[in-house]
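Summary of structural features
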Amino acid sequence: MNRHLKELLGEVDREEFYGERDQLVTGITYDSRSVKPGDAFVAISGEKVDGHDFIDEALKKGTRVVFGEEPYSELTTTPPTYIKTKNTRKTLARLSHVFFGKPTNNLYTVGITGTNGKTTTAHLTKKVLGEEKSEIISTITNKEIPGTKRPVTTPESPEIHEIAHGAVQNGKENFILEVSSHSLSLERVAAVEFNCGVFTNLTRDHLDHHDSLEAYKEEKMKLFKYLPKEGTAVVNGDEEFSEEIGKETDGDVIQYGLDKTADVIATDIEKSKKGNEFMVLSPWGNQRIKTDLFGIYNVYNALAAITVGLNRGIGLTEIGRLLEGVKGIRGRMEKLELTTGADVYVDFAHNSGAIEQILRELSQLYPTTSIVFGCGGESDKGKRPEMGRVASKYANRIFITDDNPKSEDRMEILNEIKKGIEENSNYSVIPDRKTAIEKAIDELKPESCLLIAGKGHEQYQIVSDNWISHNDKEFVEKICREKSLIQ
């Protein structure tokens, strides 16, 4: 794919220009390691490295066009063509949008944000809108970040628009993406043309990246400010933040929830270990919905997807049929039924809000509940004691262990979690995650349950700079098979 530089420049707020305008650009990149001849290189100032320091490397690999924030006169290496812009992250987003043919203009594009529930809601929305008709960007389907083994919730803008372009080329009609607060603050979706924005919920998370909960909320709000007047904000009416969204967005607002003031309501809810069944009341009609997804929070996730589908013109009966076919989502409350009658759940819950939602539900269905969990290194330290507090409130047996400690002292992380544990709680601190999981399984009583939280679909445990192969579900299956606890 080629684009004339002149065409790309029409979308960029440029402050300085040096060099030739009449040339072709064959790609857009922000990573000097992936530069190919003819690519335009966008120098981004990141949290750890500055792209301006890699301009020379990009030039050696064949780029002739560089976008940056530094004045041309201050560059140590001068490219043939240099465009100075005020914000290279916005520039990267706009360039990507144009380079790939403004693909989100040709798709029904749904952005899903919130602290918890984004992944499940995204996959349920894909199911409702039609799996063959829809492309998805999701935590559990995304490619790894270049140079690492770690996928992100929302990739950088070139990847987003390339995926959207591929969706258009393949005849897709819908484009669904999880939108993290990081991606909003880093302008990754600044040029995406959203038709619908979905808000799930808001609890504490990522305060290592955002200065405060208010700043976190402001970033979430950006998604709904991006919506045009003909767009739709689908919001959780039982969340206080939804009222603020309604005041700020130009789009129509449709509320879903359990409260009778919502537009799309779930009522007469029947919960069990096998899933949820509930009645949906809406302006589009009423329908009994049955899913194999566990917990009241998944009623909310399903309602969000249902509301998107209704707004898109899909009938409730058809939506009910489609959702009944969902048998689970990778890394989200994946269940193993043991021969003792006990159940083990593996979930991605990695903040106090998510853990509380799950443990509250489990404590209502099982006589005793155990949990294995930790907290990631190099992240919001303030949530660690909160996670401990929630665990001690709802779980009968607690195992505090590693969850990607990265470069931090693993015992310091575990001790910070321990600060929130109530004195009379039955807990153990076992740094090695595999050891903690095996001990929890050994202690698991018949008919009780164990929640292994924090990693979900992840395939690695990150300790210092070491990426150690590990997946909770695979390890649990292996251990339980060896102990003859599963068939």
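Note that this is a predicted model, so its numbers are computed, not measured.

In this section: the sheet that holds strand S8 (residues 108-113). Strand order in the open sheet formed by nine strands is S9-S10-S8-S11-S12-S13-S14-S15-S16, with mixed pairing between adjacent strands. The open sheet has two free edges, formed respectively by strand S9 (134-137) and strand S16 (285-291), since each of these has just one partner strand. Averaged over all neighbouring strand pairs, the angle between strand axes comes to 15°, with direction disregarded. Pairing of strand S13 (residues 252-257) with strand S14 (residues 264-272), which is carried by two bridges, proceeds in the parallel orientation. Bridging across to S14, Tyr256 finds its partner in Val264. Lying over the sheet, helix H8 (residues 241-248) contacts strand S11 (196-199), strand S12 (232-236) and S13, oriented at roughly 165° with respect to S12.

Attention shifts here to the layout of surface pockets. By volume, the second largest pocket is sized at about 180 Å³. As for the second largest pocket, its lining consists of His123, Lys126, Lys127, Glu131, Ile136, Thr141, Val326, Lys327, Gly328 and Ile329. Per-element tally for the lining of the second largest pocket: the top contributor is helix H4 (residues 118-129), with three residues. Among the residues forming the lining of the second largest pocket, the class breakdown is three nonpolar, three polar and four charged.

Glancing now at the pairing of strand S18 (residues 343-347). Counting buried residues in S18 gives five out of five residues, a clear majority hidden from the surface. Because side chains alternate across S18, one face comprises the buried residues Asp343, Tyr345 and Asp347, and the other comprises Val344 and Val346, equally buried. Counting the residues in the hairpin turn of strand S17 (residues 334-337) and S18 gives five residues, including Gly341, whose phi is positive at 95°.

Turning to the side chain of Lys127, a few remarks are in order. Mapped onto the elements, Lys127 comes out in helix H4. On the basis of relative accessible area, Lys127 is assigned to the buried category, the value being 19%. Within the local environment of Lys127, its side chain forms a polar contact with the side chain of Glu131, the two groups lying 3.1 Å apart. Setting aside residues up to four positions removed in sequence, Lys127 forms contacts with Leu322, Gly325 and Val326.

Let us now look at the sheet that holds strand S4 (residues 27-29). With respect to topology, five strands assemble into an open sheet ordered S2-S7-S6-S5-S4, the strand pairing being mixed. Strands with a single pairing partner mark the edges of an open sheet, and in this sheet they are strand S2 (14-18) and S4. Averaged over all adjacent pairs, the angle separating strand axes in this sheet is 20°, with direction ignored. Contacts between helix H3 (residues 88-99) and the sheet are confined to S4, strand S5 (39-42), strand S6 (65-68) and strand S7 (81-85), with S4 contributing the most and set at about 155° to the helix.

Within the largest apolar cluster, 34 residues are counted, with the highest numbers of intra-cluster contacts made by Val110, Val198, Phe278, Val280, Ile306 and Val308. Within the residue set of this core, elements represented by two or more residues are S8, H4, S11, S13, S14, strand S15 (275-282), helix H9 (296-311) and helix H10 (316-324). With nine residues, the top contributor of residues to this core is H9. Setting aside residues up to four positions removed in sequence, Val110 forms contacts with Leu129, Phe175, Ile176, Leu177, Phe194, Cys196, Val198 and Val308. In terms of nonpolar packing, the next biggest core, distinct from the first, is built from 28 residues, Phe294, Ile355, Leu359 and Leu362 among them.

Throughout the structure, instances matching the rule amount to seven aromatic pairs. Aromatic pair Tyr345 and Tyr366: ring centres 6.3 Å apart, planes at 80°, arrangement edge-to-face. Of this pair, Tyr345 sits in strand S18 while Tyr366 sits in the loop between helix H11 (352-365) and strand S19 (369-373), and the two are 21 residues apart along the sequence. For the pair formed by Tyr345 and Tyr366, the shared burial category is buried.

Although it is not a glycine, Asp268 adopts a positive phi angle of roughly 50°. As for its position among the elements, Asp268 is in strand S14. The partly exposed category is assigned to Asp268, whose relative accessible area is 49%.

Here we come to the pairing of S8. Across the six residues that make up S8, a large majority, six, are buried. Side chains Tyr108, Val110 and Ile112 project from S8 onto one buried face, and the interleaved Thr109, Gly111 and Thr113 project onto a second face that is buried too. As judged from the five bridges shared by S8 and strand S10 (residues 174-178), these two strands associate in the parallel manner. Bridging from a neighbouring strand, Tyr108 pairs with Asn174 of S10. Where S8 and S11 come together, four bridges link them in parallel fashion. Counted as the bridge partner of Ile112 is Val198 from S11.

A few words on the confidence of the model for the chain. Mean pLDDT for the chain: 90, with 96% of residues reaching 70 or above. Per-residue pLDDT stays below 50 along residues 144-150; that stretch engages in 13 contacts with residues further than four places along the chain or on separate chains. Across residues 206-210, where pLDDT falls below 50, the model places 21 contacts with residues more than four positions away in sequence or in other chains.

So, on to helix H13 (residues 410-418). Every buried residue of H13 is listed here: Ile413, Leu414, Glu416 and Ile417. Considered in projection along H13, the buried side chains sweep an arc of 155° and stay on one side of the axis. On its buried side, H13 packs onto S19, helix H12 (383-394), strand S20 (397-400) and strand S21 (427-429). One side-chain oxygen at the N-terminal end of H13 lies 2.9 Å from the backbone nitrogen of Met411; it belongs to Asp409.

The next point concerns the side chain of Arg397. Structurally, the position occupied by Arg397 is in strand S20. Within the local environment of Arg397, its side chain forms a polar contact with the side chain of Asn426, the two groups lying 3.4 Å apart. Leave out the neighbours within four places in its chain, and Arg397 touches Thr369, Ser370, Ile371, Asn426, Tyr427, Ser428, Lys439 and Glu443.

Right, let's talk about the packing of H11 against H12 for a bit. The geometry of H11 relative to H12 is characterised by a closest axis approach of 9 Å and an angle of 5° between their N-to-C directions. Between H11 and H12, the angle is such that the two are roughly parallel. Between H11, through Ser352, Ile355, Glu356, Leu359, Arg360 and Ser363, and H12, the contact on the second element is made entirely by Glu386, Met387, Val390, Ala391, Lys393 and Tyr394. The class makeup of the residues in the contact of H11 with H12 is six nonpolar, two polar and four charged.

Rules used in this analysis
- Residues numbered from 1 in each chain as written.
- Predicted model: local features only at pLDDT ≥ 70, side-chain atom pairs only at ≥ 80, totals over all residues.
- Heavy atoms only, no water.
- Pairing = 2+ DSSP bridges.
- Helix = DSSP H or I, 4+ residues; strand = E, 2+ residues; numbered from the N terminus.
- Axes fitted to C-alpha atoms, helices over the stretch in contact; angles between N-to-C directions.
- Contact = heavy atoms within 4.5 Å.
- 1 Å grid on protein atoms, 1.4 Å probe; cavity = no way out; pocket = protein on both sides within 12 Å on 5 of 7 lines; lining within 4 Å.
- Points joined across faces, edges and corners; volume = space filled by probe spheres on them.
- Nonpolar A, V, L, I, M, F, W, Y, C, P; charged D, E, K, R; others polar.
- Buried < 20%, exposed > 50% of the residue type's maximum accessible area, 1.4 Å probe, protein only.
- Polar contact = N/O pair within 3.5 Å; in protein donor to acceptor, adjacent residues only side chain to side chain.
- Core = buried A, V, L, I, M, F, W, Y, C linked by side-chain atoms within 4.5 Å.
- Phe/Tyr/Trp six-rings, centres within 6.5 Å; stacked < 30°, edge-to-face > 60°.
- pLDDT = per-residue confidence, 0-100.
- Arc of directions from axis to C-beta.
- Parallel < 35°, antiparallel > 145°, perpendicular 65-115°, else oblique.

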